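Residue strings, one per chain:
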Amino acid sequence: MTNAPVIDLRDTTKKYDDGPPALAGVTLSVAHGECVAILGHSGSGKSTLLNLIAGLDRPSGGTVTVDGTRVDQLGEAGSAKYRRASVGMIFQFFNLLDDLTVLDNVMVPAQLAGMGKGEAKRRAVELLGSVGLDRHAGAYPQRLSGGQRQRVAVARALMNKPPLLLADEPTGALDSSSAEDVRRLLLDLNGEGRTIVLVTHDVQLAASTASRTIELMDGAVKRDVVNHGNGAGLAARTPLTRPAGGAG
Ligand SMILES: Nc1ncnc2c1ncn2[C@@H]1O[C@H](COP(=O)(O)OP(=O)(O)O)[C@@H](O)[C@H]1O
Ligand SMILES: [Mg+2]
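Source: prediction; values computed, not measured.

What counts as what
Residues numbered from 1 in each chain as written. Chains lettered and ligands numbered in written order. Predicted model: local features only at pLDDT ≥ 70, side-chain atom pairs only at ≥ 80, totals over all residues. Heavy atoms only, no water. Pairing = 2+ DSSP bridges. Helix = DSSP H or I, 4+ residues; strand = E, 2+ residues; numbered from the N terminus. Axes fitted to C-alpha atoms, helices over the stretch in contact; angles between N-to-C directions. Contact = heavy atoms within 4.5 Å. Near = heavy atom within 4 Å. Polar contact = N/O pair within 3.5 Å; in protein donor to acceptor, adjacent residues only side chain to side chain. Areas by Shrake-Rupley, 256 points an atom, 1.4 Å probe, with all protein chains shown as cover. Nonpolar A, V, L, I, M, F, W, Y, C, P; charged D, E, K, R; others polar. Core = buried A, V, L, I, M, F, W, Y, C linked by side-chain atoms within 4.5 Å. Buried < 20%, exposed > 50% of the residue type's maximum accessible area, 1.4 Å probe, protein only. Arc of directions from axis to C-beta.

Asks: Can you lay out the sheet that holds strand β6 (residues 87–91) for me, pointing to particular residues and giving the numbers?
Replies: The strands that make up a sheet are held in pairs by hydrogen bonds between backbone atoms, and each pair lies either parallel or antiparallel. Read from one edge of the open sheet, six strands run β6-β7-β8-β3-β9-β10, paired in mixed fashion. At either margin of the open sheet sits one strand with a lone partner, and together these are β6 and β10 (220–226). Each adjacent strand pair in this sheet contributes to an overall mean axis angle of 15°, direction not counted. Here five bridges tie strand β7 (residues 164–168) to strand β8 (residues 195–200), and the two strands are oriented parallel to one another. The residue bridging Leu-164 from the neighbouring strand is Thr-195, located in β8. Along the sheet face, helix α6 (residues 176–191) touches β3 (35–39), β6, β7 and β8 and points at about 155° away from the line of β8.

Asks: Which residues make up the site of ligand 1, and what are the values?
Replies: The immediate surroundings of ligand 1 are formed by Tyr-16, Ala-22, His-41, Ser-42, Gly-43, Ser-44, Gly-45, Lys-46, Ser-47 and Thr-48. At a separation of 2.7 Å, an oxygen atom of ligand 1 approaches a polar backbone atom of Gly-43. Ser-44 places a polar main-chain atom, nitrogen or oxygen, 3.2 Å from an oxygen atom of ligand 1. Here ligand 1, which alone exposes 560 Å², has 55% of that area covered by the protein. Of the residues belonging to the shell around ligand 1, the class tally is two nonpolar, seven polar and one charged.

Asks: Describe the nonpolar core, and please don't skip the residues or the numbers.
Replies: The nonpolar side chains of soluble globular proteins are, as a tendency, buried together. Ranked by size, the top nonpolar core spans 40 residues in total, and within it Val-106, Leu-128, Val-152, Met-159 and Ile-196 carry the most contacts. For this core, the elements supplying multiple residues, two or more each, are β3, α3 (102–112), α4 (117–130), α5 (146–158), β7, α6, β8 and α7 (203–209). If one sorts the elements of this core by residue count, α5 sits on top with six residues. Every residue in contact with Leu-128, bar those within four places of it in the chain, is listed here: Val-102, Leu-103, Val-106, Leu-133, Asp-134, Ala-137 and Ala-155. Among the nonpolar cores identified, the runner-up in size contains 27 residues, and Leu-52, Val-66, Leu-164 and Val-199 belong to it.

Asks: Run through helix α2 (residues 76–86), naming residues and quoting values.
Replies: Taken residue by residue, α2 has Ser-79, Tyr-82 and Ser-86 as its buried positions. With its buried residues spanning 65° around the axis, α2 presents them on a single face. For α2, the exposed residues set more than 90 degrees away from the buried face come down to Glu-76, Ala-77 and Lys-81. Contact partners of the buried residues in α2: α1 (46–53), β4 (61–66), β6 and β7.

Asks: Please set out the pairing of β3 residue by residue, giving values where relevant.
Replies: Of all five residues making up β3, five are buried, and the element is well covered by its neighbours. Burial along β3 is two-sided: the residues Cys-35, Ala-37 and Leu-39 and Val-36 and Ile-38 are all buried. Pairing between β3 and β8: five bridges, direction parallel. By the bridge assignment, Ala-37 is partnered in β8 with Leu-198.

Geometric descriptors of this kind do not, in isolation, establish any biological role.
Below you can see the structure in the form of structure tokens.
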């Protein structure tokens, strides 16, 4: 591990054809092992910021560097490879493939990365166990609750062992008990050393999960503060244990 930040944005802007810029010059860096919450009202640029870090979109200006790679300069193939190897993404509405089983959904990133099927399956089974869903490996996503689907999505995001986890409103579509499961899962993953960027408009979630909160307003950083006495590294870390087959 080096002192170089995992994420480094320099004067990063994103303009769409019409309207004010979605990102109006953001400079920030995130260190290894941090759990950073990106907070802000709807339309403040949170998803835009996350998508630029994920290499899903290109900035209009400035730079996006992740783990020493200039993500903003990658071509299409380089960008796809970067996303497979370096980032795990979790979305509000899970983005699972409905015609694949839970196990096959979790295996998708490994297969795209060229991992052998046997090895991918072993790892997927192990990951499903770690999120408490081993008994649902053969089920189709539509038979699962929202909370269970999001835990499948977390397992899938971890498949290629990415150094960076990016979550966009991961609890936004969940009931409070499932949201708490996902929150604790993220805390545990951060406790194991993974760097996490968590986009949310939920102040409580940010304060109870992240070690630092960055607030966006109109595409600019309005506030960037350390969460004292709460959040990752300080909160009690009880492992996610629940009865097998339990709801949620
Ligand atoms: N593909 C797009 N085309 C045009 N405008 C967009 C696009 N995506 C986002 N925007 C605009 O950029 C701003 C920031 O959006 P977004 O990053 O999605 O905000 P947030 O995630 O904080 O709700 C909004 O004004 C939104 O309308
Ligand atoms: Mg958004």
